[in-house]
Amino acid sequence: MWTTGAEQVEQAVAECVGLLGAVADRDWEGVRAGRLEWSCRRTAVHIAEDLIAYAGQLAGREQDGYAPFELSLEEGTDNAGALRVIGAMGTLLAAAVRTTPRDVRAFHPYPFRSANREGFAAMGVVEVLLHTHDVAEGLGLSYEPAPELCDFVLTRIFPHVQPGPTPWPTLLWATGRGELADRAPVTEWRWNNNLVIGTERLTLEGVTPAAATDLSAVGDGGFEWIEGGPIEGTRVGAGLVYKQYEDGVHRPEWGMYVLVRREDKRAIGAMGFHSVPDETGRVEVGYDLVEGARGHGYATEALRALSAWALDRPEVRTVVAMVERDNLPSQNVLARAGFTQVAEDPEQLTYELCEPRDG
């Protein structure tokens, strides 16, 4: 069953408060939190700060920056009180995730300046997991969160990280806190919220590995589809995205996008790239629409936007599309989007759209 992440926020916070509550009577201020420069006390307060900050971004629908507020604890608040605040801030973030519509995005800088409710839930969870680990390490406690929490995070905001044998060591490695066999140590890292590209009538929403695995089976990927969707082509494409993720070659902006109609927030199809651009700057695009959405120009509109986005990237010179010889509607979409037929074989036609050239 698809989840937006509210339950994961609550579970991560409950594990944190339960573990650290058993040692709340110890000195947290004078002990460094693992590899951090902060004390265990400062790190615990930071967990609460992150949770309420993310809740504020979602609840306030912040678009241009962080909501201008800070969290402060009353003077004299002990460690148990700090944990009470973590619990309360976790509850607020979970409530914000539950009550925020699926299409809403709010400001976060990494890497495309916005995140949806699942992104904020995943960021909240990873802050709790990692900083609970830091505090536990500083206090000499054993800590390993539930594997499903780590998997929730990895498949939503670490799509560029190849899965490891188990999710917790993989997350620790990906955030510079641990080692994995046959992988170089990580010294700098960022999580990766999904990219969205807007058009007049559509939003192209980047598909995470979590959504891809759900779509490749019998799920909806967290989207509300029009009748008849998602179709088989979308499920096959999603399976390829997840295979790339498993192989460690997935680059999310060069993956799949679900096309969501602005007027009713319903998904009507999918479009995306087969892989990253090759060494000559060529990247191949493919698409499909649910039958009930065809004939309204949606594919042309989406293809123009996605192609323009790609050609604006320095590593791309040509967007390529292959289409069956008897698929006249798709050929018309390509022509209307500005593509030109450049080659053919007995089964397919090849179309290209190239970057504008000066002069």
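Here, every reference points to the structure presented above.
The structure displayed is predicted, hence computed values, not measured ones.

Asker: Explain empty space enclosed by the protein here, please?
Answerer: Gaps left between atoms show up when a probe the size of a water molecule is rolled over them. In total, this model carries two cavities of 30 Å³ or more according to the counting rule given. There is about 160 Å³ of room inside the largest cavity. Lining the largest cavity are 17 residues; nearest its centre among them are Asn116, Glu118, Asn194, Gly206 and Thr208. Looking at the lining of the largest cavity, the elements that each hand over two or more residues are α4 (117-139), α5 (147-157) and β2 (202-206). In terms of residue class, the lining of the largest cavity is built from five nonpolar, eight polar and four charged. Estimated volume of the second largest cavity: approximately 70 Å³. What lines the second largest cavity is a set of 13 residues, among which Asn194, Leu195, Gly206, Val207 and Pro252 lie closest to the centre. Looking at the lining of the second largest cavity residue by residue, the classes come out as six nonpolar, five polar and two charged.

Asker: Whenever I open this one, the layout of surface pockets confuses me. Can you help?
Answerer: Each pocket or cavity is described by its volume, and for the largest pocket that value is around 940 Å³. Taken together, 39 residues make up the lining of the largest pocket; nearest its centre are Ala270, Gly286, Tyr287, Asp288 and Ser330. It is helix α8 (residues 232-247) that provides the largest number of residues to the lining of the largest pocket, a total of seven residues. Looking at side-chain class alone, the lining of the largest pocket contains 19 nonpolar, 15 polar and five charged residues.

Asker: I would appreciate a short explanation of the packing of helix α2 (residues 40-60) against α4 in the present structure.
Answerer: For any two helices packed against each other, one specifies the inter-axial angle together with the distance between the axes. Look at α2 against α4: their axes get within 9 Å of each other, and the N-to-C directions meet at 175°. The angle between α2 and α4 falls in the class roughly antiparallel. Between α2, through Cys40, Thr43, Ala44, His46, Ile47, Asp50, Leu51, Tyr54, Gln57 and Leu58, and α4, the contact on the second element is made entirely by Arg117, Phe120, Met123, Gly124, Glu127, Val128, His131, Thr132, Asp134, Val135, Gly138 and Leu139. Of the residues contributing to the contact of α2 with α4, the split by class is 11 nonpolar, seven polar and four charged.

Asker: Would you explain the sheet that holds strand β8 (residues 348-354) in this entry?
Answerer: Each strand in a sheet pairs with another by means of backbone hydrogen bonds, the pair being arranged parallel or else antiparallel. The eight strands lie next to each other as β1-β2-β3-β4-β5-β6-β8-β7, forming an open sheet whose pairing is mixed. Each edge of the sheet is formed by a strand with only one pairing partner; in this case those strands are β1 (196-198) and β7 (340-344). In this sheet, adjacent strand axes meet at a mean angle of 25° when their direction is disregarded. Of the pairings in the sheet, the one linking β2 to strand β3 (residues 256-261) comprises five bridges and is antiparallel in character. Looking at the pairing, Leu202 lines up with Arg261 of β3. Seen against the sheet, helix α9 (residues 298-311) touches β1, β2, β3, β4 (267-273), β5 (282-289), β6 (318-324) and β8 and runs at an angle of roughly 30° to β4.

Calculation rules
- Residues numbered from 1 in each chain as written.
- Predicted model: local features only at pLDDT ≥ 70, side-chain atom pairs only at ≥ 80, totals over all residues.
- Heavy atoms only, no water.
- 1 Å grid on protein atoms, 1.4 Å probe; cavity = no way out; pocket = protein on both sides within 12 Å on 5 of 7 lines; lining within 4 Å.
- Points joined across faces, edges and corners; volume = space filled by probe spheres on them.
- Helix = DSSP H or I, 4+ residues; strand = E, 2+ residues; numbered from the N terminus.
- Nonpolar A, V, L, I, M, F, W, Y, C, P; charged D, E, K, R; others polar.
- Axes fitted to C-alpha atoms, helices over the stretch in contact; angles between N-to-C directions.
- Parallel < 35°, antiparallel > 145°, perpendicular 65-115°, else oblique.
- Contact = heavy atoms within 4.5 Å.
- Pairing = 2+ DSSP bridges.

Everything listed is a geometric property; what it means functionally is a separate question.
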